[in-house]
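# A look at the structure
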Amino acid sequence: MTRKATRHINQNEGLIFEKSSPGKAAWKLPPLDVPEVDTAKLLGKSERKDLGNMPEVSEIEIIRHFTRLSTWNYAIDLGMYPLGSCTMKYNPRVNEAVSRIEGLANGHPYQPAKISQGAMRIMKTLSDCLIEITGMDAITLQPAAGAHGELTGLLMVRAYHESKGNARKKILIPDSAHGTNPATAAMVGYAVENLKSNDRGMVDVAALAAQMNEDVAALMVTNPNTLGVFEQEIHKIADLMHAKGGLLYMDGANMNALVGKARPGDFGVDVMHLNLHKTFSTPHGGGGPGSGPVAIKKNLEPFLPTPVVVTKADGTMAFDYNRPQSVGRVRAFYGNFGMFIRALAYIFANGPDGLRQTTEDAVLNANYIRKGLEGVYDLPYETPSMHEVVFSDKIQSKKGVKTMDLAKRLIDYGFHPYTTAFPLIVPGALMIEPTESEPKEELDLFIEAMKSMAEEVEEDPQFVLDAPYNTRISRLDETLAARKPILRWTPEDTSAIPKSRP
Amino acid sequence: MRYLPKSPADREAMLKAIGSRSIDDLFSPIPAEYRLAGDLKIPRQMAESEIVDWFKLRSKENGDDYTSFLGAGAYFHYRPVVIDALVQRGEFLTAYTPYQAEFAQGTLQAIFEFQTMISELTGMDLANASMYDGSTGAAEAVMMAVRITGKSSAVIARSLHPEYREVLQTYATHQGIPLRTVGFTDTARVDLKELESSVTDDTACVLIQSPNFFGSIEDVETIADIAHKKGALLIVSIAEAVSLGIVEPPRVADIVAMEAQSFGVPLGFGGPYCGVLATKDKFVRQMPGRLAGQTLDKKGKRGFVLTLATREQHIRREKATSNICTNQALVALMVNIFMTVYGKVGLRELAKQNLAKTAYAAGQFGKNAKVLFAGSPRFNEFVVETSEDPAAINSRLLGHKIVGGLPLKKFYPELGNAALWCCTELTTRSMIDTAVGLVAESERSVRSMKETEEVAQ
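Not measured: the values here are computed from a predicted model. (Residues numbered from 1 in each chain as written. Chains lettered and ligands numbered in written order. Predicted model: local features only at pLDDT ≥ 70, side-chain atom pairs only at ≥ 80, totals over all residues. Heavy atoms only, no water.)

### Overview of the overall build of chain A
Note the threshold: Only DSSP runs of H or I with at least four residues qualify as helices, and only runs of E with at least two residues qualify as strands; both kinds are numbered from the N terminus onward. Just to be clear, the radius of gyration here is over C-alpha atoms, and the globule rule we use is 2.2 Å times residues to the power 0.38. Note on exposure labels: buried denotes an accessible area under 20% of the residue type's maximum, exposed denotes more than 50%, and partly exposed covers the range between, all computed with a 1.4 Å probe on protein chains only. Any two residues whose heavy atoms approach within 4.5 Å at even a single point are treated as in contact. Methods summary: accessible areas were calculated by the Shrake-Rupley approach with a probe of 1.4 Å, and residue burial reflects only the protein chains presented.
Within chain A one finds 16 helices and 11 strands. In terms of overall dimensions, chain A is globule-like: its C-alpha atoms have a radius of gyration of 26 Å, near the 23 Å expected for 502 residues. Per-residue burial over chain A gives 67% buried out of 502 residues. The contacts in chain A between residues at least 6 apart in sequence include a share of 72% that link residues at least 24 apart. Working note: accessible area of chain A is about 16400 Å², and carbon and sulfur atoms make up 51% of it.

### Some remarks on the environment of A:Pro380
Residues and elements named next belong to chain A. Note that Pro380 resides in the loop between α11 (337-373) and β10 (389-392). Judged by its relative accessible area of 33%, Pro380 falls in the partly exposed class. For the pair Pro380 and Phe230, spaced 150 residues apart in sequence, the C-alpha separation works out to 16 Å. Dropping the residues within four chain positions of it, Pro380 is found in contact with Val390, Phe391, Ser392 and Val426.

### A look at the sheet that holds strand β3 (residues 153-157) of chain B
Residues and elements named next belong to chain B. Rules: Only strands joined by at least two bridges in the DSSP assignment are considered to pair. Lines fitted to C-alpha atoms define the axes, with helix axes restricted to the stretch in contact, and inter-axis angles between N-to-C directions lie between 0 and 180 degrees.
Taken together, the 7 strands give an open sheet; going across it, the order is β2-β8-β7-β6-β5-β3-β4, and neighbouring strands pair in mixed fashion. The open sheet has two edge strands, β2 (126-127) and β4 (179-182), and neither has a second partner. Sheet topology places β3 next to β4; 4 bridges connect them, and they run parallel. Looking at the pairing, Ala154 lines up with Leu179 of β4. Lying on the sheet, helix α10 (residues 220-229) is in contact with β5 (203-209) and β6 (233-238); it crosses β6 at an angle near 145°.

### A look at the packing of α11(A) against helix α1 (residues 8-18) of chain B
What counts is decided by this rule: Each angle is binned into one of four classes, with values under 35 degrees roughly parallel, values over 145 roughly antiparallel, values of 65 to 115 roughly perpendicular, and all other values oblique. Crossing chirality is assigned from the near helix's rotation relative to the far helix, an anticlockwise turn below a right angle marking it left-handed and a clockwise turn marking it right-handed. Asp, Glu, Lys and Arg are counted as charged, while Ala, Val, Leu, Ile, Met, Phe, Trp, Tyr, Cys and Pro are counted as nonpolar; the rest, among them Gly, fall into the polar class.
Between α11(A) and α1(B), whose axes approach to 9 Å, the crossing angle comes to 45°. Between α11(A) and α1(B), the angle falls in the class oblique. The crossing of α11(A) and α1(B) is left-handed. Across the interface between the two elements, A:Gln357, A:Asp361, A:Leu364, A:Asn365, A:Asn367, A:Tyr368 and A:Lys371 from α11(A) touch B:Arg11, B:Met14, B:Leu15, B:Ala17 and B:Ile18 from α1(B). A per-class count over the contact of α11(A) with α1(B) returns 6 nonpolar, 3 polar and 3 charged.

### Here we look at the pairing of strand β15 (residues 418-422) of chain B
Residue and element names in this part refer to chain B. Counting buried positions along β15 yields 5 of 5 residues, so the element is predominantly enclosed. Burial of β15 is two-sided: the residues Ala418, Leu420 and Cys422 facing one way and the residues Ala419 and Trp421 facing the other way are all buried. In this sheet, β15 lies alongside strand β12 (residues 381-385) in antiparallel orientation, the contact comprising 5 bridges. Pairing of Val383 across the sheet is with Leu420, part of β15. Bridge count between strand β14 (residues 406-407) and β15: 2 bridges; the pairing is antiparallel. Directly across from Leu406, in β15, lies its bridge partner Leu420.

### What about the interface of chain B and chain A?
Our working rule: Summed over both partners, the accessible surface that disappears when two parts come together, traced with a 1.4 Å probe, is what is meant by buried area. The salt bridge definition used is simple: a Lys or Arg side-chain nitrogen within 4 Å of an Asp or Glu carboxyl oxygen. In the analysis that follows, any N or O atom pair within 3.5 Å is treated as a polar contact, provided that within protein one partner can donate a hydrogen and the other can accept it, and provided that, for residues neighboring in sequence, both atoms belong to side chains.
Taken together, the contacts link 182 residues of chain B with 201 residues of chain A. For the pairing of chain B and chain A, the buried interface totals around 17300 Å² over both sides, and the portion due to carbon and sulfur atoms is 64%. Per-residue buried area on chain B facing chain A is highest for B:Tyr3, B:Phe103 and B:Phe269; these three make up 6% of the total on that side. Between the two partners, chain B and chain A, sit 15 salt bridges. Between A:Lys45 and B:Asp219 there is a salt bridge, and its shortest N-O distance comes to 3.4 Å. Taken together, the connections running from chain B to chain A amount to 83 residue pairs in polar contact (both at pLDDT 80 or more). When residues of the side of chain B that touches chain A are assigned to their parent elements, the largest contribution, 25 residues, is made by helix α12 (residues 329-366) of chain B. Grouping the amino acids of the side of chain B that touches chain A by side-chain chemistry returns 91 nonpolar, 46 polar and 45 charged.

### Overview of the confidence of the model for chain B
Basically, it comes down to this: Think of pLDDT as the predictor's per-residue confidence, scored from 0 to 100.
Of all residues in chain B, 98% attain a pLDDT of 70 or more, and the chain-wide mean is 95. With pTM at 0.96, the complex prediction returns an ipTM value of 0.97.

### Topic: the packing of aromatic side chains
What counts is decided by this rule: Each Phe, Tyr or Trp ring, with Trp reduced to its six-membered ring, pairs with another whose centre is within 6.5 Å; inter-plane angles below 30 degrees give stacked pairs, above 60 give edge-to-face pairs, and intermediate values give tilted ones. Two conditions define a charge sitting above a ring: the NZ of Lys or the CZ of Arg must be within 6 Å of the ring centre, and it must be within 35 degrees of the ring normal.
Taken as a whole, this structure holds 38 aromatic pairs over all chains when the rule is applied. Ring geometry for A:Phe319 against A:Tyr334: centres 4.2 Å apart, planes inclined by 10°, an arrangement best described as stacked. One end of the pair, A:Phe319, is in strand β9 (residues 317-320); the other, A:Tyr334, is in the loop between β9 and α11, and 15 residues separate them in sequence. Accessibility assignment for this pair places A:Phe319 and A:Tyr334 in one class, buried. Each residue in the set A:Tyr110, A:Phe333, B:Phe184, B:Phe213, B:Phe214, B:Tyr273, B:Phe373, B:Phe411 and B:Tyr412 is aromatic and connected to the rest through ring pairs, giving one cluster. Over the aromatic face of A:Tyr321 sits the side chain of B:Lys410, whose NZ or CZ is 4.1 Å from the ring centroid.

### A short note on the sheet that holds strand β7 (residues 294-296) of chain A
All names here are of chain A. With mixed pairing, 7 strands are arranged side by side in an open sheet as β1-β7-β6-β5-β4-β2-β3. Only two strands of the sheet have a single partner each, and these edge strands are β1 (138-140) and β3 (191-195). In this sheet, neighbouring strand axes are inclined to one another by 25° on average, regardless of whether the strands run parallel or antiparallel. Relative to β3, strand β2 (residues 170-174) runs parallel, the two sharing 5 bridges. In the sheet register, Leu172 faces β3, and the bridge partner there is Glu193. In the packing of helix α6 (residues 146-163) onto the sheet, the strands contacted are β1, β2, β4 (216-222), β5 (247-251), β6 (271-273) and β7, and the crossing angle to β5 comes to about 175°.

### Some words on unusual backbone geometry
All names here are of chain A. A cis geometry characterises the amide bond from Asn223 onward to Pro224, with omega recorded as -10°. Inspection of the secondary structure puts Pro224 in the loop between β4 and α9 (234-243). The omega torsion across Gly288 and Pro289 is 5°, close enough to zero to call that bond cis. Along the polypeptide, Pro289 turns up in the loop between α10 (276-279) and β7.

Below is the structure:
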């Protein structure tokens, strides 16, 4: 087999608590320049006597501990991360550099407007860019993540309908949607009604027409959807919704397929969220922070969360809180500002031509992989792919090897696995999104690895089932973790401490 | 297009392999009338040096060399440099959510350590892997209490951060959770009489903040008794995490909804921050958010996985505990490293310094202006009432490169000319003395103006 990367580092590293010993310290405070206080007198019975099992370690131990832990992680900096729908693209380092410039990193959210002009200018500039990219009319940057954006978007949908005298009851969600969509609709007090896909993997427009009525507040569609397929009749879908007074919500998680090439606002979308960590290169950070701005059409503008950044007559910027029809506030302060800086730096680095080329390359890469693996893996939908392609394990599962088994074996080849859980309409899905960040050479290695794996399945399925082999640890017992949850370390738990270094 | 690793020849070769004539063929699924004909109207492509310059200018417009006395849910503490040295490692920065546990052990173990330390500090049994921030965490905690108790309403302290209350109001409106607000006494603590009469058999939870928005430490045990007597849960929101080094945690609470920004997370004009929920073992299945758990691999080696996912939206869909999908892993890592740097002894010393600075500052301000709510213990924040509008005083302070306390009129109109001041270990004595001097000057000039008026009459 060809292997892209070398073995994972197998350094032994216990928990930080297991290195702790009284008297070790990594901190030093300056001498106190005000009188000492009697804490017992100041706090009375509220004084804390003991901090429990907190670590006591030195700085070098901290550096080694976290550096060693880091070597147990896969990351986009190490290689391709073909996670469908998650858009793991390169994270430019200038983004990190500018987000750490002192006046931005240390800005207090309540500092006077006079010395917040820089931060507000960043928010306004990013807002203007995102409005132009989506073809919408207005935006809020406040939501802290994609799912939080969904919540905010649906709150605005609800407020819009309420302003017309009827909040309506239902949200329609295609079976190709993201997992968060139904949970979000429920949080906003809506009933969820599923919508079937047709045999091309798209919203069945006839079924939608039959299901659409005046009880429906909105349709939540992902476009391109989780099959990586562009909803070709999106405008008809929009017309159908609008004809009965409903709204079209678009989950913008897959905007990496559209930026610079097409704009949701132009094809009839009323409200949509963006994931700055997907499309605009802010880092995923091992699971956050995200940022999920929500862009809307004019008719929803009165309902935006407060505050909104506005330019005053004298050209200075201010926060506008006076918005009587607002859905309210969805997060303290103004959102994940640090992510706004990174996303804007990315937009600046690309410009209009760069963003278009980025999208083109992302779509080109996905189609190149599709071509490379056609016939080796089952392609359940023949519909053209945009930025991601979905195969299934139909061929391999005949040998007892399922998508998750293949995913684990792919780790040995030096790649992060593709997405296995989506879309729900493809049993045993292999959902692959290479993004624009991959050179041809890396794509060729990936295709080669996938082909080699398929051969292994034919020759020795058990070998694949026992993977991964090259990781520090082998397959973990998830059932044990759920049945007997151990969610924190305790001093009594010494069972797993390695006795000596190997 | 420096982020794109393909040469024109590569693109040609790939198109050929696919069997497409041009890239436009690949976009043919998008109906022609919706395909953009021209360029997006956004700024042109910029060089890296231009990008850095642009943001440096914005930084200057943002007042990058002011001394600040602002707190109110966002605190300026020293961030040890090892934090950024470590979180910028690509393996942490550019990793995805650790769903593939075998090669995401770094993130998973770090989360497990985070969960452990948060549990220790809050006095709870367990904590989740972090959530968006303190405000959304508090709202999620209320919804969690509603699920646990099967009751529908919530009682909220008015001394909870005003923006947290606004966020909760937004969530509660559409969940059909009636909210009742309870005021505070002249010590800034929750009005216990009013609380007693507000908690009914239908109350799912009482939500307070301690130290509260004014910096006062609540009588948590008495409040817990009042809540528990009626079968309601007690949720305690903690916005200033550094307080946990010296202030007894709310062990009697059922849920702690914390904002951990103080622990090594930049102020960053309000985000990203690090919310976290901690609770009792028995409530774990109703807690939203991710959890990392310890388990064994096939060879019996210790390892960590995301666990109890059956509570989560991707499995339970509309019946999930919450729609929350992401956590704040990288920010939680900053918090983890901060807690590790200070540890058991340092966190206490750090909190003690904060306490001393605040005691000194409140004492000095009190000589010329009125320090409100003096009758309760407090941490880091205090309220100063002046004769002059604090906004006017603040604009003069700005001339001295000082950002004064937060005027409270906007959130609490009845407090008139009061402002919320905050000191941390980074506030020097000379800064405090300068600010105190300027406030004293204002007080004196108002007083002499009054005297002049009296003489004239």
